[in-house]
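One letter stands for each residue in the lines below.
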Amino acid sequence: DLRDRKAKAEEKATEAIERHASEVRMMQETNNPLMKALHFRNACKAHEDLDYSGYRSYQKVPLERDMIHLEGNLHLCSLGTIWTKKEGWFADHELLGSARAFQDDLAKVTGVADKKISNLHP
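Residues numbered from 1 in each chain as written. Predicted model: local features only at pLDDT ≥ 70, side-chain atom pairs only at ≥ 80, totals over all residues. Heavy atoms only, no water.

## Section: the overall build of the protein chain
1) Next: For the protein chain, the count of helices and strands is 4 helices and 4 strands.
2) Next: The N-to-C order of helical and strand elements in the protein chain reads α-α-β-β-β-β-α-α.
3) Next: For the protein chain, restricting intrachain contacts to residue pairs at least 6 apart in sequence, the fraction spanning at least 24 positions comes to 43%.
4) Next: By element, 55% of the accessible surface of the protein chain is carried by carbon and sulfur atoms, the whole surface being about 9,700 Å². (Helix = DSSP H or I, 4+ residues; strand = E, 2+ residues; numbered from the N terminus. Contact = heavy atoms within 4.5 Å. Areas by Shrake-Rupley, 256 points an atom, 1.4 Å probe, with all protein chains shown as cover.)

In structure tokens:
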């Protein structure tokens, strides 16, 4: 599952961030130039591990608590952005803001409770 991979990536990233901070702290505390070089190398390796953890690619994947289960395997992200398109063929999109939806809002605003979800999803 995508959210499981996100959790693993975040776990690796957290460990790498902690290791990086620890190595930087040890590098600053020691007076031995060889140990400074070793801690610097370890801090660089921790930063590389952070880059390769994949956590950045999963940042936009919503958490389970931000999802509203609709039907079957269909979910709605409860936090999103609202855009408008200016008139014209090659018009730009303009960000209007963000919105948050709650389970109770679906029936009030869109009438989803009265419709089959499969009619809404192609």
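## Concerning the environment of Tyr 58
1) Next: Position of Tyr 58 among the secondary structure elements: in the loop between helix H2 (33–52) and strand E1 (67–71).
2) Next: Judged by its relative accessible area of 17%, Tyr 58 is buried.
3) Next: Between the alpha carbons of Tyr 58 and Leu 2 there is a distance of 8.5 Å; along the sequence they are 56 residues apart.
4) Next: Apart from residues no more than four positions distant in its own chain, Tyr 58 is found in contact with Leu 2, Arg 5, Lys 6 and Ala 9. (Buried < 20%, exposed > 50% of the residue type's maximum accessible area, 1.4 Å probe, protein only.)

## Here's the deal with the confidence of the model for the protein chain
1) Next: Looking at the protein chain, the pLDDT average stands at 77 and 63% of residues meet or exceed 70.
2) Next: Of all the helices and strands in the protein chain, helix H4 (residues 117–120) carries the lowest mean pLDDT, 44, while H2 carries the highest, 95.
3) Next: In this model residues 111–122 is a low-confidence stretch, pLDDT under 50, and it forms 14 contacts with partners more than four residues away in sequence or in other chains. (pLDDT = per-residue confidence, 0-100.)

## So, the side chain of Thr 30
1) Next: The topology assignment puts Thr 30 in the loop between helix H1 (2–29) and H2.
2) Next: One polar contact links the side chain of Thr 30 to the main-chain amide nitrogen of Asn 32, over a distance of 3.2 Å. (Polar contact = N/O pair within 3.5 Å; in protein donor to acceptor, adjacent residues only side chain to side chain.)

## Some remarks on H2
1) Next: Under the 1.5 Å per step criterion, the end-to-end length of H2 is 28 Å for 20 residues, consistent within 8% with the ideal 28 Å.
2) Next: Of the positions making up H2, those classed as buried are His 39, Ala 43, Ala 46 and Leu 50. The arc that holds every buried residue of H2, seen down its axis, measures 60 degrees, which confines them to one face. Every exposed residue of H2 that faces more than 90 degrees away from the buried side is listed here: Pro 33, Leu 34 and Tyr 52.
3) Next: As for H2, its buried residues are in contact with H1.
4) Next: Capping the start of H2 is the job of one residue whose side-chain oxygen sits 2.9 Å from the backbone nitrogen of Leu 34: Asn 32.
5) Next: Of the residues trailing H2, Gly 54 is marked for its positive phi of about 85 degrees. (Expected span 1.5 Å × (residues − 1). Arc of directions from axis to C-beta.)

## Observations concerning H1
1) Next: Between its terminal C-alpha atoms H1 stretches 41 Å, which fits the 40 Å expected from 28 residues at 1.5 Å a residue.
2) Next: Looking at the buried positions of H1, the neighbouring elements they touch are H2.

## Focus: the nonpolar core
1) Next: One finds Ala 9, Ala 13, Ala 16, Leu 50, Tyr 55, Tyr 58 and Val 61 forming the largest nonpolar core, which totals 7 residues.
2) Next: For this core, the leading source of residues is H1, giving 3 residues.
3) Next: In contact with Leu 50, not counting residues within four places along its chain, are Ala 13, Ala 16, Ile 17 and Tyr 55. (Core = buried A, V, L, I, M, F, W, Y, C linked by side-chain atoms within 4.5 Å.)

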